[in-house]
Amino acid sequence: MIPQSLIRSVTATLYERSLKKIPDDTRAALQQAQGSERDETGRRTISIMLDSAAVAAQRDQLVCTDVGIPVYSVKIGTRVQFEGAVRQAIVDGFADLVRNIQPPILKMITHPLTHERSFTGKDMPIVTFDVIDDADYVEIICAPKAMGSGRWEELKTFVFPSLETIEDYVLEVVMRAGSQPCPPIVVGVGIGGSFDYAARLAKQQVLRPVGERNAEPILAAMEERLLKAINAMGFGPMGTGGDSTAMAVHIDYAASHGFIPVAVALNCWINRRMGARISNAGEVEWFE
Amino acid sequence: MREKWSGSNEAGSNGAIGVTINTHALQLPLSDEAVRRLAVGDQVRITGNITISIGLPTHKRMLADLEAGQELPLDLRGGAFFHLSSYLEDAADGGLPRALYMNPSTSTRYNAYMPGLIRRLGLRMVGGKGGLDATSVASMKETGCVYLSFLGGGCPLLSEAIQSVVSSHWNEYISQFRLVTLRVRDLAATVAIDARGNSLYENLHQRAADRLPQIREELKRQRELAQPSPQPSK
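Residues numbered from 1 in each chain as written. Chains lettered and ligands numbered in written order. Predicted model: local features only at pLDDT ≥ 70, side-chain atom pairs only at ≥ 80, totals over all residues.

## As for the overall build of chain A
Thinking step 1. Along its length, chain A carries eight helices and 13 strands.
Thinking step 2. Taken over the C-alpha trace, chain A has a radius of gyration of 19 Å; the compact-globule value for 288 residues is 19 Å, and the two agree within 12%.
Thinking step 3. Sorting the 288 residues of chain A into buried and exposed places 50% on the buried side.
Thinking step 4. Contacts in chain A between residues far apart in sequence, at least 24 positions, make up 81% of those at least 6 positions apart. (Helix = DSSP H or I, 4+ residues; strand = E, 2+ residues; numbered from the N terminus. Rg over C-alpha atoms; globule rule 2.2 N^0.38 Å. Buried ≥ 20, exposed ≤ 12 C-beta atoms within 10 Å, placed from the backbone. Contact = placed C-beta atoms within 7 Å.)

## As for the domain arrangement of chain A
All names here are of chain A.
Thinking step 1. Along its sequence, chain A is carved into domain 1 (2–21 + 63–146 + 272–287) and domain 2 (147–267).
Thinking step 2. Relative placement of domain 1 and domain 2: their C-alpha centres are 25 Å apart.
Thinking step 3. Across the boundary between the two partners, domain 1 contributes seven residues, which contact six residues of domain 2.
Thinking step 4. Tallied by class, the residues present in the side of domain 1 that touches domain 2 amount to three nonpolar, one polar and three charged. (Domains from an automatic or database assignment. Nonpolar A, V, L, I, M, F, W, Y, C, P; charged D, E, K, R; others polar.)

## A short note on the packing of helix H3 (residues 114–121) of chain B against helix H4 (residues 134–143) of chain B
Residue and element names in this part refer to chain B.
Thinking step 1. H4 packs onto H3 with a crossing angle of 10° between their chain directions and a minimal axis gap of 8 Å. As the angle between them shows, H3 and H4 are arranged roughly parallel. Counting all contacts with H3, which are made through Met114, Pro115, Ile118 and Arg119, the residues of H4 involved are Thr135, Ser136, Ser139, Met140, Glu142 and Thr143.
Thinking step 2. Of the residues in the contact of H3 with H4, the class split is four nonpolar, four polar and two charged. (Axes fitted to C-alpha atoms, helices over the stretch in contact; angles between N-to-C directions. Parallel < 35°, antiparallel > 145°, perpendicular 65-115°, else oblique.)

## Some details on the sheet that holds strand E9 (residues 185–192) of chain A
All names here are of chain A.
Thinking step 1. Spatially, four strands are ordered E8-E11-E9-E10 in an open sheet, and the strand pairing comes out mixed. The open sheet terminates on both sides in strands that have one partner only, identified here as strand E8 (154–159) and strand E10 (246–254). Between one strand and the next, the sheet's axes are offset by a mean angle of 15°, whatever the strand orientation.
Thinking step 2. Of the pairings in the sheet, the one linking E8 to strand E11 (residues 259–267) comprises six bridges and is antiparallel in character. What sits directly across from Thr157, in E11, is Pro261.
Thinking step 3. In this fold helix H6 (residues 163–177) packs onto E8, E9 and E11, with an angle of close to 35° to the strand it touches most, E11.
Thinking step 4. Against the sheet, helix H7 (residues 195–206) engages E8, E9, E10 and E11, with an angle of about 150° to E9. (Pairing = 2+ DSSP bridges.)

## Some points on the interface of chain A and chain B
Thinking step 1. Chain A puts 54 residues into the contact, and the matching count from chain B is 49 residues.
Thinking step 2. Elements with a minimum of two residues in the side of chain A that touches chain B: helix H3 (40–59), helix H5 (147–150), H6 and helix H8 (217–231) of chain A.
Thinking step 3. If one sorts the elements of the side of chain A that touches chain B by residue count, H3(A) sits on top with 11 residues.
Thinking step 4. When the residues that make up the side of chain A that touches chain B are grouped by side-chain class, the tally is 23 nonpolar, 16 polar and 15 charged.

## Here's the deal with the environment of A:Val98
Residue and element names in this part refer to chain A.
Thinking step 1. Looking at where Val98 falls in the secondary structure, it is placed in helix H4 (residues 87–100).
Thinking step 2. On the basis of neighbour count, Val98 is assigned to the partly exposed category, with 19 C-beta atoms found within 10 Å.
Thinking step 3. Taking the C-alpha atoms as reference points, Val98 and Thr120, separated by 22 residues in sequence, lie 9.7 Å from one another.
Thinking step 4. Residues in contact with Val98, not counting those within four places in the same chain, are Ile105 and Phe119.

## A short note on H3(A)
Thinking step 1. Between its terminal C-alpha atoms H3(A) stretches 28 Å, which fits the 28 Å expected from 20 residues at 1.5 Å a residue.
Thinking step 2. Considered for burial, the residues of H3(A) that qualify are A:Glu40, A:Thr41, A:Gly42, A:Arg43, A:Thr45, A:Ile46, A:Met49, A:Ser52, A:Ala53 and A:Ala56.
Thinking step 3. Buried-residue contacts for H3(A) involve helix H1 (4–20) and helix H2 (24–36) of chain A together with helix H5 (155–158) and strand E9 (179–193) of chain B.
Thinking step 4. Phi turns positive one or two residues past the end of H3(A), at A:Asp60, with a value near 60°. (Expected span 1.5 Å × (residues − 1).)

## Considering the sheet that holds strand E7 (residues 137–142) of chain A
Residues and elements named next belong to chain A.
Thinking step 1. Spatial ordering of the open sheet is given by E6-E2-E7-E12-E13, a layout of five strands whose pairing is mixed. Where the open sheet ends on each side, the last strands, each with one partner, are strand E6 (126–132) and strand E13 (284–287). For this sheet, the mean inter-axis angle between neighbouring strands, taken without regard to orientation, is 15°.
Thinking step 2. The sheet contact formed by strand E2 (residues 71–77) and E7 spans five bridges and is antiparallel. Residue pairing for E7: Val74 is matched across the bridge by Ile140.

## Section: H2(A)
Residue and element names in this part refer to chain A.
Thinking step 1. The terminal C-alpha atoms of H2 lie 19 Å apart, and with 13 residues this matches the ideal 18 Å at 1.5 Å per residue to within 8%.
Thinking step 2. Taken together, the buried positions of H2 are Thr26, Ala29, Leu30 and Ala33. Projected down its long axis, H2 shows its buried positions confined to an angular sector of 100°, all on one face. Within H2, the exposed residues directed more than 90 degrees away from the buried face are Asp24, Gln31 and Gly35.
Thinking step 3. At its buried positions, H2 is contacted by H3 and E10. (Arc of directions from axis to C-beta.)

## Observations regarding unusual backbone geometry
Thinking step 1. The omega torsion of the bond from A:Met124 to A:Pro125 falls at -15°, within 30 degrees of zero and hence cis.
Thinking step 2. Mapped onto the fold, A:Pro125 is located in the loop between strand E5 (117–118) and E6.
Thinking step 3. Backbone torsion omega between A:Pro183 and A:Pro184 reads 5°, so that peptide bond is classified as cis.
Thinking step 4. Turning to its location among the elements, A:Pro184 is positioned in the loop between H6 and E9.
Thinking step 5. With a phi close to 55°, A:Cys182 is a non-glycine residue in the positive phi region.
Thinking step 6. Owing to 29 C-beta atoms within 10 Å, A:Cys182 belongs among the buried residues under this scheme.
Thinking step 7. Unusually for a residue other than glycine, B:Trp170 sits at a positive phi of about 55°.
Thinking step 8. Its location among the elements puts B:Trp170 in the loop between strand E8 (162–169) and E9.
Thinking step 9. Given 17 C-beta atoms within a 10 Å radius, B:Trp170 is considered partly exposed.

Shown next, in the form of structure tokens:
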């Protein structure tokens, strides 16, 4: 039995950790980029990024002031039992975080029609739910979404697109973002399914471990060549020039109709995501 | 076979490979001459007073007031105005607040307001991250102004430069939308648009656009290598 209070405290902690620590795989990818970066300003910029992340973790500080909006992905094992409300626990967890986090965070939640900003809002936090058949745990990933990369994400629906059309579209989106989404970025691509499902797939790809090779050869090859293509564009770290525009391109697809949506999600270099698995016995296992 | 993603033997970015980066320690306010000495790619460390805000309503109001011939609540003429967001902790005694941290925001969303602000205030320095458009660049060239790129996600390091809050205006806005003047010491940034009209962003965008045909060509070649025989349609 998983109590409401545990979901509440875990979701608050996930948000705070995602703001103060970049994932280890992301740090490793940045270190690797620093080694291969040919541009002097680019190398220096990555070095300062690594310093910034290290200092934030050491001193319990925010890496970025744009703490984004709270976005949670929740997967519920079908053998799990809850005591109390799940959605409310996440709402309360976020309210706890806003009240308690040090240093305090800025208001980012924006009413889309009036642009008024606060710490609460309709449908906040954004939560998606999935099930995991036969599992006796709940998996929660918090990946706050901020404007730097969020404003450049896109979705377009094609009809029987060729691989070339799909890849051109990914390049087009990355080109439009150019220097602005705080590169080196992680690019997540979702192909097919339906309008809403493609966007979800793209988001899930951003959450994959950086550089993890796709199990499907056709996607692995596509990821590899698109990463090289994006890095040949030359926007570089913080968009002031260099070879390191993307750390990874992650792609997945779902079967579709002849109309095939392609969604492109982006994450900035701090690549915020934190996860936890809560067992039915109430044990918490943290992961990135 | 060798992969050809872009022209061979080409510099990784703005041609700065192997070139020593110039570093300037600058005391604000800057003279026209000092601003015009700065070039794209230079590193700067600035000390003095800077004014910051990331509020769209703030920008709109600033420009509207100036166009109406009204004075802003602080004298920004010849000053440094950056798209940095900060958390202000109000003082218990009603005195000046404390700035707990700061970090840049994307500047392009203020494109509509920046040329007017730059011209009317004769700003010497603007900045944030991601750059400004060609109209802003033209106004910067005209008045003698540079754009500084600060590290996004550089909050812990950039905040070390904060010395004190000098003033805070339009306090009816949320913290990051206020018009706040900070005293900073050794605030680090890269000159990304200079007063000669050179913009790293424009150069990089143009170069990426120029490279695109070759990148698409190489993608095509890689696709063919990955799938030597096309799948028959079923």
